[in-house]
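Architecture and fold: a report
Below are the chains, spelled out letter by letter.
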Amino acid sequence: MEFLVWLENTWIANAIRTIPWLYPTFETGHYIGLSLLVGGIMLIDLRVLGFGRSLPLKSMIGLLPFVWAGFLINVFTGSMLFIYGATGFGTNPAFLVKMTFMVIAGLNALAFDLAVRRSGGTWVVAGTPPTLVKGFATASLVFWLCVVTTGRWMAYI
Amino acid sequence: MGFLEWLQDTWVGHLVAESLWGYPLFETIHSIGMAMLIGSLGLINLRVLGFKPDLPLLGTRELLPLAWIGFTLNAISGSLLFTSDAVYFFSSYTFRIKMVLIVLGGINAAILGRRVFSDAAAAGAPAPAAPSTKWIAASSLVFWFGAVCAGRLIAYTP
């Protein structure tokens, strides 16, 4: 809690409080990042699950840089929003659940990435992902939707 | 104003505004629909602009159902959110700007679809899109990302 209080009184937090439009700008940036991150991941996961077969699986997995861009935008904007209201957000149950889902979704993405690397590219090029990978894709859709949902609910809990 | 007042006084308006779950639930659906719509439409536009050339241009047509699902989710959830406070939303300039951007984005998408995905275009299959088509794709990105920004800023502007 002391850390949260300290965080909320840093010059960054004060700047976000005093400079007009900074908070709404970060919030808007967080939604743009969300579109890139979740939009991109959703497209990759759905392709793994068999949707949009005329789009090569390899090319769709190649959308990951957009996903990373969205992720980095949201880590930055999310950190700024958090610093501004650290004591409120840091103790908000919805926020803690959101972070838990983020970690799980991240580990799941690592498992997916590992499966892609281990395969040596065979099923990626052939467009025939194994069942296990389809499982990762399904889990990814569920976990990221949970991240969005719990994130949105932070304002109401 | 009569209609807007009636709308927010309907049982639907009261339900969304006053129930514990109504507003956050439809806001959540609105965020998910946004990711679907912007993700799929954004990728089509970027492809037309020449990014990701390894994706077959005509193949991106398969992303359209996803864009439509996202749009439909957001038309429904957005209407319900609007119903909760119709007079306020309608009088908001930012809300009006958002609606204009969505209409422009929709017209834009229809023109782009005709140019890029029509059967004639498919038969010809031109490799790089014409400059005018690229302008349409670029303005589509501006309209839709503009709509996202305006939507978020409704809460902060008159």
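Preceding this section is the structure that the text describes.
Parameters at a glance
Residues numbered from 1 in each chain as written. Chains lettered and ligands numbered in written order. Predicted model: local features only at pLDDT ≥ 70, side-chain atom pairs only at ≥ 80, totals over all residues. Helix = DSSP H or I, 4+ residues; strand = E, 2+ residues; numbered from the N terminus. Buried ≥ 20, exposed ≤ 12 C-beta atoms within 10 Å, placed from the backbone. Contact = placed C-beta atoms within 7 Å. Axes fitted to C-alpha atoms, helices over the stretch in contact; angles between N-to-C directions. Parallel < 35°, antiparallel > 145°, perpendicular 65-115°, else oblique. Left-handed = near helix turned anticlockwise from the far one by under 90°. Nonpolar A, V, L, I, M, F, W, Y, C, P; charged D, E, K, R; others polar.

**Re the overall build of chain A**
A count of helices and strands for chain A gives 9 helices and 0 strands. Scanning chain A from its N terminus toward the C terminus, one meets helices and strands in the order α-α-α-α-α-α-α-α-α. Each principal axis of the C-alpha atoms in chain A carries an extent, and together these give about 55 × 25 × 25 Å. Looking at the 157 residues of chain A, the share that counts as buried comes to 36%. Long-range contacts, defined as pairs at least 24 residues apart, comprise 81% of the intrachain contacts of chain A with a sequence gap of at least 6.

**A closer look at the interface of chain B and chain A**
Of the residues lining the interface, 27 residues belong to chain B; the matching set on chain A comes to 24 residues. Looking at the side of chain B that touches chain A, the elements with two or more residues in it are helix H3 (22-48) and helix H8 (131-153) of chain B. With 13 residues, the top contributor of residues to the side of chain B that touches chain A is H3 of chain B.

**Describing the packing of H3 of chain B against H8 of chain B**
Residues and elements named next belong to chain B. Orientation of H3 relative to H8, taken along the N-to-C sense of each, is 160°, at an axis distance of 9 Å. The angle between the axes of H3 and H8 places the two elements in the roughly antiparallel class. For the element pair H3 and H8, the recorded crossing hand is left-handed. Between H3, through Met34, Ile38, Leu41, Gly42, Asn45 and Val48, and H8, the contact on the second element is made entirely by Thr133, Lys134, Ala137, Ser140, Leu141, Trp144 and Val148. When grouped by side-chain class, the residues that make up the contact of H3 with H8 number 8 nonpolar, 4 polar and 1 charged.

**A look at unusual backbone geometry**
Located in the positive-phi region is Trp21 of chain A, a residue other than glycine, with phi close to 75°. Mapped onto the fold, Trp21 of chain A is located in the loop between helix H2 (11-18) and helix H3 (22-48). Exposure remark for Trp21 of chain A: the 10 C-beta atoms within 10 Å place this residue in the exposed category. Unlike most non-glycine residues, Lys52 of chain B shows phi in positive territory, near 50°. Within the secondary structure layout, Lys52 of chain B lies in the loop between H3 and helix H4 (64-84). Taking the C-beta count within 10 Å as the criterion, Lys52 of chain B has 18 such neighbours and is therefore assigned partly exposed.

**Section: the packing of helix H2 (residues 11-18) of chain B against H3 of chain B**
All names here are of chain B. At their nearest, the axes of H2 and H3 sit 5 Å apart, and the two run at 90° to each other. As far as their axial angle goes, H3 and H2 are roughly perpendicular. Taking contact as the criterion, the partners of Leu15, Val16 and Ala17 in H2 are, on H3, Gly22, Tyr23 and Phe26. Grouping the constituent residues of the contact of H2 with H3 by class yields 5 nonpolar, 1 polar and no charged.

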